[in-house]
Amino acid sequence: MLIRTHDNGFDHGIPSEITPRAVYQDRRRLLLQLAAGAAGATLAAWASREAMAQTARPGKLPALQTVRSTVPGAQTMEKLTDYKDASTYNNFYEFGTDKSDPARYAHTLVTSPWTVEVDGLVKKPGKYAIEDLLKLAAQEERIYRLRCVEGWSMVIPWVGYSLSNLVQKVEPLGNAKYVEFFTQADPKTMPGVTSQVLSWPYVEGLRLDEAMHPLTLLSFGMYGEVLPKQNGAPVRLVVPWKYGFKSGKSIVRIRFTEKEPRTAWNRAAPQEYGFYSNVNPDKDHPRWSQATERRIGEDGLFAKKRKTLMFNGYEAQVGQLYAGMDLQKQY
Ligand code: MTE
């Protein structure tokens, strides 16, 4: 696999495959006009969401060319979280443990050049330059709920494609059962990595069938633009039916294994964070209930908590992956 070493544009430059902003906005305008013409309730709702997405975009980072995803479950009519909230209220312990730390300190992360190594139990291991990874499949816009284990949630328009595209390309061997994700851990550019709060690098994992599920997203952007550094630039995972910590940020290596990977949070507190960590309102965290959640942006004195949905509302799509499992024990 060709690796380019010149500036790839992810460090706030212009990647070659970006859509000029005017074209992107024209696409959104066209959708609005279509919706207005049809005057159907559904389309009108789409239109207001489209309008919201347009105003919510900061327009500071390069835009990514996207198609709307047709993967079942990849769209929702819920109000999008404001971009400002999604990019300033973050967990990214490599930059500190406070929610405001990543937005303040992640500017030091160097995202260009960037490569992702794929190895382990596969027929075709390789190193992918981020530009090549980006072009492996069409970039889709998918609106996912992200439910953090801490009890808050957001609704974010992610950009990316199903991880299964990459999995199929590298051809896992018959004994590959799990996929392990290693993320960047560079003490020179990530000040939090010098702390003992977690063992670094931040590692996450999925069972192979979870990694192959069409909803599992390899994400390069959000709100139509490349990912801000604090959200895991230049490439991260988004697994919408699992607690947010399963969605590793700034991925540098993907390894296929026979054994279940030891993940960062499971190492830190095995009683509290299991390997699966599927969103489950009936399985409390040992120190708090998981039955409800607070939607970021709906704060305020009278804001009601929302009921947390089984598998974060993606039960119809992913429930069969866990048929026959005791989810109280395998959490
Ligand atoms: N990835 C890395 N490398 N380091 C982290 O600390 N935090 C996780 C996850 N991915 C984390 C990470 C947690 S706890 C959550 S809730 C989500 O990222 C938050 O993603 P967001 O900031 O884009 O909302």
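See above for the structure.
A. Region of interest: the overall build of the protein. Helix and strand counts for the protein come out as nine helices and 13 strands. Relative to its 331 residues, the protein shows a buried fraction of 55%. Counting only contacts in the protein whose residues sit at least 6 apart along the sequence, the fraction spanning at least 24 positions is 74%.

B. Local environment of the pairing of strand β7 (residues 203-207). Counting buried residues along β7, five of its five residues qualify, which places the element largely inside the surrounding structure. Neither face of β7 is exposed, since Val-203, Gly-205 and Arg-207 on one face and Glu-204 and Leu-206 on the opposite face are all buried. Both strand β6 (residues 178-183) and β7 contribute to a ladder of five bridges, which runs antiparallel. Bridge assignment links Tyr-178 to a residue of β7, and that residue is Arg-207.

C. Structural view of the site of the ligand. Taken together, 17 residues lie near the ligand, and Asn-90, Tyr-93, Glu-94, Arg-236 and Lys-249 sit nearest. Contact between the ligand and Arg-236: an oxygen atom at 2.6 Å from a side-chain N or O atom of the residue. Between the ligand and Ser-247 there is a distance of 2.8 Å, counted from a nitrogen atom to a backbone nitrogen or oxygen. More than half of the atoms belonging to the ligand lie within 2 Å of the grid points that define the largest pocket.

D. Here's a closer look at the sheet that holds strand β2 (residues 115-120). Spatially, five strands are ordered β3-β2-β11-β6-β7 in an open sheet, and the strand pairing comes out mixed. Looking at which strands have only one partner, the edges of the open sheet turn out to be β3 (126-129) and β7. Ignoring which end each strand starts from, the neighbouring axes of this sheet average 20° apart. Pairing of β6 with strand β11 (residues 251-257) involves six bridges; the strand directions are antiparallel. Of the residues in β11, the one forming a bridge with Glu-180 is Arg-255.

E. Main features of the pattern of salt bridges. Applying the stated criterion across every chain yields a total of 18 salt bridges. The partner of Lys-329 in a salt bridge is Asp-326, and the shortest N-O contact between them spans 3.6 Å. Relative accessible area serves as the criterion here: at 35%, Asp-326 is assigned to the partly exposed category. Shared partners join several salt bridges into a network, and the residues in it are Glu-78, Arg-145, Arg-147, Glu-293, Arg-295, Glu-298 and Arg-306.

F. Spotlight on the environment of Gln-271. Within the fold, Gln-271 resides in the loop between α8 (264-268) and β12 (292-295). Separated by 14 residues in the primary sequence, Gln-271 and His-285 place their C-alpha atoms 9.0 Å from one another. With residues near it in sequence (within four places) discarded, Gln-271 still touches Pro-286 and Tyr-331.

G. Geometry of the nonpolar core. Counting residues in hydrophobic clusters, the biggest one holds 81 residues, and the most contacted among them are Leu-133 and Phe-256. Of the residues forming this core, the biggest block, six residues, is contributed by strand β5 (residues 152-162). Non-local contacts of Leu-133, meaning those with residues more than four positions away in its chain, are made with Val-116, Tyr-128, Tyr-161, Leu-166, Leu-218, Phe-220 and Val-235.

H. Structural detail: the packing of aromatic side chains. All told, the structure shown has twelve aromatic pairs when counted by the stated rule. When the ring of Tyr-144 is compared with that of Tyr-314, the centres are 6.1 Å apart and the planes differ by 75°; the resulting orientation is edge-to-face. Remark: Tyr-314 occurs in the loop between β13 (306-307) and α9 (315-318) and Tyr-144 occurs in strand β4 (residues 140-147); sequence separation between them is 170 residues. Here Tyr-144 matches Tyr-314 in class, with each residue buried. Aromatic side chains Trp-265 and Tyr-273 sit 5.2 Å apart centroid to centroid with 65° between the ring planes, which places their arrangement in the edge-to-face category. Under the relative-accessibility criterion, Trp-265 is labelled buried at 19%. Three or more aromatic residues joined by ring pairs form one cluster here, namely Tyr-178, Phe-275, Tyr-276, Phe-311 and Tyr-322. Its guanidinium or amino end placed over the ring of Tyr-89, Lys-99 lies 5.9 Å from that ring's centre, counting from NZ or CZ.

I. Inspection of the layout of surface pockets at higher detail. In this model, the largest pocket occupies a volume close to 440 Å³. Of the residues belonging to the lining of the largest pocket, the class tally is 17 nonpolar, seven polar and four charged.

J. Geometry of the environment of Glu-131. Checked against the element boundaries, Glu-131 lands in helix α5 (residues 130-134). Separated by 16 residues in sequence, Glu-131 and Thr-115 place their C-alpha atoms 8.9 Å apart.

K. Region of interest: unusual backbone geometry. Looking along the chain, the bond that leaves Ser-112 and enters Pro-113 is cis, with omega of 0°. Inspection of the secondary structure assignment puts Pro-113 in the loop between α4 (101-105) and β2. Here the residue pair Trp-200 and Pro-201 is connected by a cis peptide bond, since its omega of 0° sits within 30 degrees of zero. Within the secondary structure layout, Pro-201 lies in the loop between β6 and β7. For Ser-250, which is not glycine, the phi dihedral falls at a positive 50°. If you trace the backbone, Ser-250 turns up in the loop between β10 (236-238) and β11. Taking relative accessible area as the criterion, Ser-250 reaches 0% and is therefore assigned buried. Positive phi is not limited to glycine here, since Asn-312 has a value of about 60°. Structurally, Asn-312 can be placed in the loop between β13 and α9.

Rules behind the numbers
- Residues numbered from 1 in each chain as written.
- Predicted model: local features only at pLDDT ≥ 70, side-chain atom pairs only at ≥ 80, totals over all residues.
- Heavy atoms only, no water.
- Helix = DSSP H or I, 4+ residues; strand = E, 2+ residues; numbered from the N terminus.
- Buried < 20%, exposed > 50% of the residue type's maximum accessible area, 1.4 Å probe, protein only.
- Contact = heavy atoms within 4.5 Å.
- Pairing = 2+ DSSP bridges.
- Near = heavy atom within 4 Å.
- Polar contact = N/O pair within 3.5 Å; in protein donor to acceptor, adjacent residues only side chain to side chain.
- 1 Å grid on protein atoms, 1.4 Å probe; cavity = no way out; pocket = protein on both sides within 12 Å on 5 of 7 lines; lining within 4 Å.
- Sits in = over half its atoms within 2 Å of the grid points.
- Axes fitted to C-alpha atoms, helices over the stretch in contact; angles between N-to-C directions.
- Salt bridge = Lys/Arg side-chain N within 4 Å of Asp/Glu carboxyl O.
- Core = buried A, V, L, I, M, F, W, Y, C linked by side-chain atoms within 4.5 Å.
- Phe/Tyr/Trp six-rings, centres within 6.5 Å; stacked < 30°, edge-to-face > 60°.
- Lys NZ or Arg CZ within 6 Å of the ring centre and 35° of its normal.
- Points joined across faces, edges and corners; volume = space filled by probe spheres on them.
- Nonpolar A, V, L, I, M, F, W, Y, C, P; charged D, E, K, R; others polar.

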